[in-house]
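Observations on chain architecture
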Amino acid sequence: MSTMAGPEQPQSASQVLVAVSGISRYDAEAVFGVLRTCYESDEATTNLPQDAGEGRPTVWTSVFEVADPREEPRPASLTAPVAADLQGGPRQVQQVADVLARAFEVREQGAVAGDQERELRLRLSSTGMRPE
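Throughout what follows, the structure given in this document is the object of discussion. All of these numbers come straight from a predicted model, not from anything done at the bench.

The secondary structure content of the protein amounts to two helices and six strands. Overall, the protein shows an N-to-C arrangement of helices and strands of β-α-β-β-β-α-β-β. In the protein, which comprises 132 residues, the share counted as buried stands at 44%. Summarising the internal contacts of the protein: among those between residues at least 6 apart in sequence, 74% fall at separations of at least 24. Just so you have it, the protein exposes about 7000 Å², and 46% of that area is on carbon and sulfur atoms.

Pasting the structure below:
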């Protein structure tokens, strides 16, 4: 059973849905905080749930408006590597992936491309953290 927060789909071509899973609340806030520095969001992470009990995965989601970036991200730290799924237009998904790559070490773990949409799975870790 998962705990979901936020909408499930981007509403326009300039929006990207970002979902992070299997992580602590601290790490979810770190990832979304980096993205909120650069982009407006639906603020779904304002009321992040507390960590789920053991054996219960938690997924946090937020939609970011990437048409008008605000500022450059700064490196952020994570307590453990994080899986992040990005969904939206191909150019917009790449734009969000590039922002994350400026704040974290990023490894692409898979991608699915369609005519109008792309899904990308990334593994994020703190700079200097050894990926699992």
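There's more to say after this.
For the rest of this paragraph, the subject is the sheet that holds strand S1 (residues 15-21). Strands sit in the order S2-S3-S1-S4-S6-S5 across an open sheet of six strands; the sheet is antiparallel. Both outer strands of the open sheet, strand S2 (40-41) and strand S5 (105-113), are each paired with one neighbouring strand and no more. Two elements, S1 and strand S4 (residues 82-88), share six bridges in a ladder whose sense is antiparallel. Across the sheet, Val18 pairs through a bridge with Leu86, a residue of S4. Sheet contacts for helix H2 (residues 90-103): S1, S4, S5 and strand S6 (118-125); angle to S6, the most-contacted strand, approximately 5°.

Basis of the calculations
- Residues numbered from 1 in each chain as written.
- Predicted model: local features only at pLDDT ≥ 70, side-chain atom pairs only at ≥ 80, totals over all residues.
- Heavy atoms only, no water.
- Helix = DSSP H or I, 4+ residues; strand = E, 2+ residues; numbered from the N terminus.
- Buried < 20%, exposed > 50% of the residue type's maximum accessible area, 1.4 Å probe, protein only.
- Contact = heavy atoms within 4.5 Å.
- Areas by Shrake-Rupley, 256 points an atom, 1.4 Å probe, with all protein chains shown as cover.
- Pairing = 2+ DSSP bridges.
- Axes fitted to C-alpha atoms, helices over the stretch in contact; angles between N-to-C directions.

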